[in-house]
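Chain by chain, the residues:
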Amino acid sequence: MRTRASLALLVAFMGSLSGCVSIVDVVDRDLSLPDAKAHTQSIEREIVEAMPSELVYSVEQKETGTFLACSRGGGEQWAGGLTAKARPGVLPDELLGNIEEQFSEKADMSVSRRVEDEDSLVDIAGPHSSFWIVRYDPVQAEIRIVSFSPCIYLPEDVWRGDKY
């Protein structure tokens with residue numbers, strides 16, 4: 001009962017704040033869907049290439065992804081991913097330090113590092129709400145990259161529920 005009341009209060013509070021938030025158009029109107037996907041996947045590969053090659057093997061990039069809403073005006077992001085295996089016993093800094101360094105040097109990207117559920121993560125934010133989350137799971141010796149393309153408008157012949 002107490003949880004419901006707390007949840008109701010939180011929803012009411014968030015609703016009252018929503019009128020204060022300004023809407024910024026984050027959509028890249030000039031970027032096509034194929035180009036958005038290709039760009040996003042190329043950054044995934046660039047992330048893997050930033051890690052020492054002797055520590056990483058078995059790279060598997062997803063060929064298809066899904067779409068997620070990214071603006072109130074109908075913008076969508078292509079969401080994909082990549083998984084790579086690392087040599088057992090590799091420390092997070094050995095893999096993620098180079099990524100952090102390489103992408104923090106790019107003028108149009110920002111990088112942050114965090115730990116979640118004992119996994120080390122690097123977040124890379126790019127233009128038009130593009131985003132890459134690099135998670136290193138030392139127990140599985142896996143690097144998982146979840147990616148989100150720049151926010152774009154889908155062509156009329158592509159439905160949001162499609163795999164692309």
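As the structure is a computational prediction, the values presented were derived from the model and not from experiment.

As for its placement among the helices and strands, Gln 61 is situated in strand β1 (residues 56-61). As for Gln 61 and Arg 45, which are separated by 16 residues in sequence, their C-alpha atoms are 8.4 Å apart. A polar contact is formed between the side chain of Gln 61 and the side chain of Glu 44, at a distance of 2.6 Å. Of the polar contacts made by the side chain of Gln 61, one reaches the side chain of Arg 45; its length is 3.0 Å.

Take the confidence of the model for the chain next. Averaged over all residues, the pLDDT of the chain is 87; the fraction at 70 or higher stands at 85%. Long-range and interchain partners of residues 1-23, a stretch whose pLDDT sits below 50, account for one contact in this model, where long-range means more than four residues apart.

Bringing the side chain of Glu 44 into the picture now. Counting through the fold element by element, Glu 44 comes out in helix α2 (residues 33-50). At 6.0 Å, Arg 45 is the nearest oppositely charged side chain to Glu 44, a buried residue that forms no salt bridge. Residues within four places of Glu 44 in sequence aside, it is in contact with Gln 61, Gly 80, Gly 81, Leu 82, Trp 132, Ile 145 and Ser 147.

This paragraph deals with the packing of aromatic side chains. With the rule as written, the count across this model stands at one aromatic pair. On the numbers, 6.2 Å between centres and 35 degrees between planes, the contact of Phe 67 with Tyr 164 is tilted. Highlighted residues: Phe 67 in strand β2 (residues 66-69) and Tyr 164 in the segment after β7 (142-148), separated in sequence by 97 residues. Assessed through its relative accessible area of 5%, Phe 67 is described here as buried.

Analysis parameters
- The residue numbering used here restarts from 1 in each chain and proceeds along that chain's sequence as written.
- Confidence filtering applies because this is a predicted model: local features only for residues at pLDDT of at least 70, side-chain atom pairs given and counted only at 80 or more, and all residues used for totals across whole chains, interfaces and linings.
- Note that the side-chain values use all heavy atoms of the structure and ignore hydrogens as well as water.
- Only DSSP runs of H or I reaching four residues or more are called helices, and only runs of E reaching two or more are called strands; each is numbered from the N terminus.
- Any pair of nitrogen or oxygen atoms within 3.5 Å is treated as a polar contact; in protein, a donor-acceptor pairing is required on top of that, and neighbouring residues in sequence qualify only through side-chain atoms on both sides.
- Values of pLDDT, which run from 0 to 100, indicate the predictor's confidence residue by residue.
- Every residue pair with non-hydrogen atoms within 4.5 Å of one another is taken to be in contact.
- Note on classification: 1.4 Å probe, protein chains only; a residue is buried when its accessible area is under 20% of the maximum for its type, exposed when over 50%, partly exposed between these limits.
- Positive charges come from Lys and Arg alone, negative charges from Asp and Glu alone, with His and the N- and C-terminal ends not counted.
- Salt bridge, as applied in this entry: a Lys or Arg side-chain nitrogen positioned within 4 Å of an Asp or Glu carboxyl oxygen.
- Side-chain rings of Phe, Tyr and Trp (the six-membered ring for Trp) are treated as a pair once their centres are within 6.5 Å; stacked means planes under 30 degrees apart, edge-to-face means over 60, and tilted covers the remaining angles.

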